[in-house]
Amino acid sequence: MLVPERGGAVVPVTVVLCVNGERHEFEIDPLERLADVLRDRIGLVGTKVGCGEGACGACAVLLDGRAVASCLLAVGSAAGHRIETIEGLSRDGLTPLQEAFIAADALQCGFCTPGQIVAATGLLRAEPAPTRAAVRQAMSGNICRCGCYPKIEQAILSCSGGDG
Amino acid sequence: MSTTRTRTPLVRGRVGELMPRRDAEPKVTGAFAYSSDLEAEGMLFAVTVRSPHPHARIAAIDTAAAVATAGVHAVLTHADVPGRKTVGMHRADQPVLVVDVVRYQGEPVVIVAADDLETARRAAVLVVVTYEVLEPVADPERGEVLRDVRIRHGDQSLGADVVVSGSYEVGMQDQAFLGPESGLAIPDGDGGVDLHVATQWLHLDQEQICAALDLPPAKVRVHLAGVGGAFGGREDVSMQIHACLLALRTGRPVKMVYTREESFFGHVHRHPAWMRYEHGATPEGDLVYVRAEILLDGGAYASSSPAVVSNAACFAAGPYRVQRATIDARVVMTNNPPCGAMRGFGAVQVAVAHEAQMDLLAAALGIDPVDLRVRNALKTGDRMITGQVIDGPAPVRELLEGLRAMPLPLERGSLRADLRELPGGVANTTHGEGVRRGVGYAIGFKNMGFAEGFDDYSTARVRVSLVNGEPLVEVHTAACEVGQGLVTVLEQIARTELGFEHVVVLPADTTVGSAGSSSASRQTWMTGGAVKAACEAVRERLHELAADRSVEETVEHHHRPTFPLDPETGQGDAQVALCFAAHRAVCDVDTDLGLVRVVEIATTQDVGRIMNPAQCEGQIQGGIAQGLGLALMEEIKTENGLVRNPNFTDYLIPTILDMPPVRLAISETPHPDAPYGLNGVGEPPTIASTPAIAAALRAATGRPVTRVPVRPDDLI
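What counts and how
- Residues numbered from 1 in each chain as written.
- Chains lettered and ligands numbered in written order.
- Predicted model: local features only at pLDDT ≥ 70, side-chain atom pairs only at ≥ 80, totals over all residues.
- Heavy atoms only, no water.
- Contact = heavy atoms within 4.5 Å.
- Buried area = accessible area lost by both parts, 1.4 Å probe.
- Salt bridge = Lys/Arg side-chain N within 4 Å of Asp/Glu carboxyl O.
- Core = buried A, V, L, I, M, F, W, Y, C linked by side-chain atoms within 4.5 Å.
- Buried < 20%, exposed > 50% of the residue type's maximum accessible area, 1.4 Å probe, protein only.
- Helix = DSSP H or I, 4+ residues; strand = E, 2+ residues; numbered from the N terminus.
- Pairing = 2+ DSSP bridges.
- Polar contact = N/O pair within 3.5 Å; in protein donor to acceptor, adjacent residues only side chain to side chain.
- Domains from an automatic or database assignment.
- Nonpolar A, V, L, I, M, F, W, Y, C, P; charged D, E, K, R; others polar.
- Phe/Tyr/Trp six-rings, centres within 6.5 Å; stacked < 30°, edge-to-face > 60°.
- Lys NZ or Arg CZ within 6 Å of the ring centre and 35° of its normal.
- pLDDT = per-residue confidence, 0-100.
- Axes fitted to C-alpha atoms, helices over the stretch in contact; angles between N-to-C directions.

1. Regarding the interface of chain B and chain A
Part 1 of the reasoning: With 62 residues of chain B in contact, the opposing surface of chain A contributes 48 residues.
Part 2 of the reasoning: A combined buried area of about 4,700 Å² lies between chain B and chain A, and 61% of that area is made up of carbon and sulfur atoms.
Part 3 of the reasoning: Taken as a group, V28, L178 and I656 of chain B account for 18% of the area that chain B buries against chain A, more than any other trio of residues on that side.
Part 4 of the reasoning: Counting across the interface, chain B meets chain A through five salt bridges.

2. Some words on the nonpolar core
Part 1 of the reasoning: Counting residues in each nonpolar core, the largest one holds 153 residues, and the members touching the most others are I156 of chain A together with Y277, I294, I327 and I693 of chain B.
Part 2 of the reasoning: Sort the elements by how many residues they give to this core and helix α8 (residues 347-365) of chain B lands first, with 11 residues.
Part 3 of the reasoning: Contact partners of I294 of chain B, with chain neighbours within four places excluded, come to W274, M275, Y277, A312, A316, I327, D328, A329, R330 and V350 of chain B.
Part 4 of the reasoning: Residues L44, A46, V96 and C244 of chain B belong to the second largest nonpolar core, which totals 76 residues.

3. Some thoughts on the environment of R122 of chain B
All names here are of chain B.
Part 1 of the reasoning: As for its placement among the helices and strands, R122 is situated in helix α3 (residues 117-126).
Part 2 of the reasoning: Given the relative accessible area of 35%, R122 is considered partly exposed.
Part 3 of the reasoning: C-alpha of R122 to C-alpha of V439: the two residues are 317 residues apart in sequence and 54 Å apart in space.

4. So, the pairing of strand β14 (residues 254-257) of chain B
Residue and element names in this part refer to chain B.
Part 1 of the reasoning: Here three bridges tie strand β1 (residues 44-50) to β14, and the two strands are oriented parallel to one another. Among the inter-strand pairings, F45 is bridged to a residue of β14, identified as K255.
Part 2 of the reasoning: In the sheet, strand β11 (residues 182-187) pairs with β14 via four bridges, with the strands oriented antiparallel. Note that in β14 the partner of S182 across the bridge is V257.

5. Looking at the environment of R147 of chain B
All names here are of chain B.
Part 1 of the reasoning: On the secondary structure map, R147 appears in strand β9 (residues 144-153).
Part 2 of the reasoning: Judged by its relative accessible area of 24%, R147 falls in the partly exposed class.
Part 3 of the reasoning: Along the chain, R147 and A307 lie 160 residues apart, while their C-alpha atoms are 9.2 Å from each other.
Part 4 of the reasoning: Those residues in contact with R147 that sit more than four places away from it in its chain are P306, V309, S310, A329, R330, V331 and E452.
Part 5 of the reasoning: Polar side-chain contacts of R147 include one of 2.9 Å to the backbone oxygen of P306.
Part 6 of the reasoning: Polar side-chain contacts of R147 include one of 2.8 Å to the side chain of E452.

6. Let's talk about the domain arrangement of chain B
Residues and elements named next belong to chain B.
Part 1 of the reasoning: Taken as a whole, chain B is organised into domain 1 (41-135 + 176-266), domain 2 (269-410 + 418-450 + 566-714) and domain 3 (457-558).
Part 2 of the reasoning: Inter-centroid distance (C-alpha atoms) of domain 1 to domain 2 is 35 Å.
Part 3 of the reasoning: With 27 residues of domain 1 at the interface, the matching set in domain 2 holds 29 residues.
Part 4 of the reasoning: Three residues, H90, F231 and F264, lead the burial of domain 1 against domain 2; their summed loss comes to 30% of the area buried on that side.
Part 5 of the reasoning: Where domain 1 meets domain 2, there are zero salt bridges.
Part 6 of the reasoning: Residue assignment for the side of domain 1 that touches domain 2 shows that the elements contributing at least two residues are β5 (94-95) and α6 (260-266).
Part 7 of the reasoning: The element that contributes the greatest number of residues to the side of domain 1 that touches domain 2 is α6, accounting for four residues.
Part 8 of the reasoning: For the side of domain 1 that touches domain 2, the residue count by class is 12 nonpolar, six polar and nine charged.

7. Looking at the packing of aromatic side chains
Residue and element names in this part refer to chain B.
Part 1 of the reasoning: Applying the stated criterion across every chain yields a total of nine aromatic pairs over all chains.
Part 2 of the reasoning: Seen in terms of ring centroids, W201 and F450 are 5.9 Å apart; in terms of plane orientation they differ by 25°. Their pairing is stacked. Of the two residues, W201 sits in the loop between β12 (193-197) and α4 (202-213) while F450 sits in the loop between β18 (435-448) and β19 (457-467), which places them 249 residues apart along the sequence.
Part 3 of the reasoning: A residue is classified by how much of its surface remains accessible, and F450, at 19% relative accessible area, is buried.
Part 4 of the reasoning: Ring plane angle 80° and centroid distance 6.1 Å describe the contact between F264 and F648, whose orientation is recorded as edge-to-face. Of this pair, F264 sits in helix α6 while F648 sits in the loop between β26 (642-643) and β27 (662-667), and the two are 384 residues apart along the sequence.
Part 5 of the reasoning: In this structure F264 comes out as buried when scored by relative accessible area, which is 2%.
Part 6 of the reasoning: Relative accessible area serves as the criterion here: at 4%, F648 is assigned to the buried category.
Part 7 of the reasoning: Lying over the aromatic face of Y289, R324 brings its terminal NZ or CZ to 4.7 Å of the ring centre.

8. Focus on the confidence of the model for chain B
The predicted coordinates of low-pLDDT regions are not to be read in fine detail.
Residue and element names in this part refer to chain B.
Part 1 of the reasoning: Averaged over chain B, the pLDDT score is 96; the fraction of residues at 70 or greater is 98%.
Part 2 of the reasoning: Contacts for the low-pLDDT stretch residues 1-9, under 50 throughout, to residues beyond four places or in other chains number three contacts.
Part 3 of the reasoning: Reported confidence for the predicted complex is 0.96 by ipTM and 0.96 by pTM.

9. A few points about the pattern of salt bridges
Side-chain pairing between opposite charges can occur once the charged atoms of the two side chains come close.
Part 1 of the reasoning: Tallied over the full model, the rule gives 57 salt bridges over all chains.
Part 2 of the reasoning: Between E617 of chain B and K151 of chain A there is a salt bridge, with its nearest N and O atoms 2.8 Å apart. Residue E617 of chain B is found in helix α13 (residues 613-632), and its partner K151 of chain A is found in helix α7 (residues 149-159); the two belong to separate chains.
Part 3 of the reasoning: Owing to a relative accessible area of 4%, K151 of chain A belongs among the buried residues under this scheme.
Part 4 of the reasoning: Put simply, D188 of chain B and R221 of chain B hold a salt bridge, and the shortest N to O gap is 2.8 Å. In this pair, D188 of chain B sits in the loop between β11 and β12 while R221 of chain B sits in strand β13 (residues 220-224), placing the two residues 33 residues apart along the sequence.
Part 5 of the reasoning: Residues joined by salt bridges that share partners form a network here, namely E169, E635, K637 and R707 of chain B.

10. Here's the deal with the sheet that holds strand β17 (residues 324-333) of chain B
All names here are of chain B.
Part 1 of the reasoning: Within the open sheet, the six strands sit side by side as β9-β17-β16-β15-β10-β28. Their pairing is mixed. Only two strands of the sheet have a single neighbouring strand rather than two, namely β9 and β28 (707-708).
Part 2 of the reasoning: With two bridges joining them, strand β10 (residues 162-170) and β28 adopt parallel strand pairing. When the sheet's bridge partners are listed, E169 is paired in β28 with R707.
Part 3 of the reasoning: Strands β10, β15 (273-281), β16 (287-297) and β28 of the sheet are contacted by α8, whose axis makes an angle of about 150° with β10.

Written out as structure tokens, the structure is:
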């Protein structure tokens with residue numbers, strides 16, 4: 001069927017999230033997708049939902065510094081972890097990585113871009129000077145349908161060794 | 001505290017200069033508002049009930065339980081459509097909501113609006129539709145012909161000494177734009193509505209909404225929201241009318257966002273194609289004739305199929321001089337998913353065939369494949385197979401020779417290569433013993449703009465005023481920024497023409513005249529031309545500019561007229577202009593596993609004039625990525641009318657690991673009819689990239705490779 005169905009009564013539980021350094025408390029179905037909670041309840045719509053099944057990477061957020069697909073994460077299991085969204089990364093102005101994306105023109109429609117920036121930020125924090133092969137491997141979960149891959153690669157590599 | 005102002009001696013950001021795209025900063029920070037990100041006070045959420053059957057008669061629709069659900073505000077069927085019950089780009093044959101017969105799987109039957117998404121979804125499940133299931137027409141050979149295009153060019157009795165023939169197939173590709181169909185409709189309290197939506201053509205949406213709602217244009221204002229990619233898939237309406245219907249019925253703003261699965265059912269796809277070709281040539285390698293039978297499956301509704309099949313016919317022979325052409329192209333209607341516009345628009349499918357044929361012919365003649373293409377290359381002054389004399393640039397020979405001169409990537413090193421360098425990457429289970437490298441060339445062309453007599457135009461309003469003594473230029477059009485970089489180029493044009501630094505491109509909406517569609521590689525030419533002309537008109541009146549007096553001009557830009565194709569012979573000056581690109585693919589194939597690694601794509605493309613260097617490169621690289629997808633992985637699989645893979649797990653899109661380095665040489669042969677001499681850029685990269693990869697795979701394996709996407713079985 002094309003209309004998703006979820007049966008059964010929902011018993012809300014209290015979930016406390018730490019998003020971009022701020023505490024949010026919800027009475028919520030713990031199985032709600034983190035992506036929906038970020039977008040619809042907190043209003044952080046910079047996190048995009050492209051496929052809803054972890055195949056495109058548009059919904060990437062950092063969970064304790066690691067990029068994860070927030071469309072696959074139940075909000076209950078994100079409780080107690082440090083969540084960073086694209087809005088959090090952008091709070092103090094453009095990061096060198098964001099500047100590099102602009103300079104390299106590593107975007108077109110831009111729908112995947114927040115996820116690309118989040119994933120690349122996770123990579124550069126874990127590995128400040130990745131090789132080209134490591135960049136390609138790390139970014140392989142983030143689809144860019146406009147096909148900006150050469151420029152995305154170039155933008156990230158230009159930050160390799162920096163503090164992106 | 002004092003402020004200082006530095007004046008740059010030269011205004012930067014003119015045509016041709018490096019300039020970051022204007023919307024880049026909000027896009028990298030997540031602040032850019034896409035159509036799925038919008039909200040309004042008191043808004044409802046809407047969902048669609050879709051048919052699970054590709055062909056069925058609806059016996060009854062029972063909405064009582066859904067209506068009775070707490071939190072549900074409206075449950076609408078075809079009976080609630082106040083105006084015309086059907087929509088369509090070329091003919092209004094597609095129901096807004098199914099009236100009696102379902103013609104494809106996923107067709108919208110009922111729409112539901114509720115306080116929240118979960119309530120709407122639960123209510124949708126309670127809608128009971130009683131279907132009498134009918135046998136679908138799934139075989140295009142049995143489909144009803146929607147349009148056939150015959151081309152009879154030259155002496156039809158001409159034969160040739162050297163003849164090659166082949167049959168080719170192209171699978172159904174999806175645009176798979178990442179931002180799903182979505183929008184927000186806000187009733188104005190006075191019987192009208194404002195729709196904020198991701199689209200390619202605001203005024204065509206408006207026209208179709210007005211017809212269905214039985215409202216005048218002044219009551220339906222369409223505003224462009226952020227567009228998460230388009231590629232042709234947003235030319236037809238999807239949720240536009242549904243959201244407006246619900247908003248007017250409930251008096252509340254209504255938001256509608258498709259899921260990815262719905263998106264596969266929510267827009268048209270690239271036509272799958274079956275093509276039989278025969279080429280004849282002299283022993284020296286001069287093309288004598290091309291015969292082709294082309295069958296496109298248009299699916300359930302017309303969409304833009306009549307124009308797609310025309311393109312497939314007109315460009316069927318490729319960019320070559322041919323004495324005789326005999327082309328029979330038809331598009332049929334079935335109960336398969338509706339097909340319509342996708343980047344390349346008919347030229348993509350036939351390029352797979354005509355370029356494979358050129359390679360076959362080269363082999364039969366013992367001539368180098370590039371030499372054969374150069375020998376027969378179309379040039380300015382030649383006639384196309386439609387009889388139209390090419391009076392604009394046609395640098396086919398130059399592109400091919402430029403491409404051939406580009407250096408090849410290094411040969412593969414030792415057999416114990418890094419696994420990631422092997423076809424299949426870490427999934428490869430051999431040590432690369434069976435890896436063979438192949439190189440393939442292809443070239444393709446298509447038209448800029450619409451064809452066959454369509455009076456195409458765009459409108460621009462340009463206003464200059466003084467703000468604190470400084471000139472401010474405002475550019476207003478209805479042209480859709482879909483990621484191609486249009487807003488940036490329009491800003492560059494206004495700055496170039498008026499010489500003022502401060503240029504603002506206003507949000508696109510229907511309060512200014514139509515800009516036509518962001519498709520057919522036409523928008524920079526057409527709306528760029530309109531903005532240029534409006535700036536010129538403003539410039540003539542700049543002496544009137546004063547602190548309390550602005551200067552404003554609205555100008556329509558039309559391209560030169562085109563003419564219909566003769567229905568018997570397919571002859572006619574149907575095209576505005578032509579754009580060309582050539583590709584060379586270098587591929588490694590693991591011949592034990594049938595896995596492919598594209599090592600490099602090299603390309604030469606003539607763009608007339610580079611308006612924005614980085615954006616121009618981006619269009620070319622991106623088009624190649626989509627061409628690579630069609631060559632190797634992207635296909636909507638159907639089985640008796642049912643889509644088997646409506647998700648990104650089973651519909652594969654190239655990732656960064658699939659994307660090879662692109663070696664790029666852009667040339668600029670000014671087009672005499674175009675503003676700044678520019679030409680269409682967006683589509684040519686998707687045309688020949690696919691057949692170039694197929695050619696490389698043939699070279700590597702010796703297998704025929706007559707179908708894309710290529711499957712491992714085809715290579716072993």
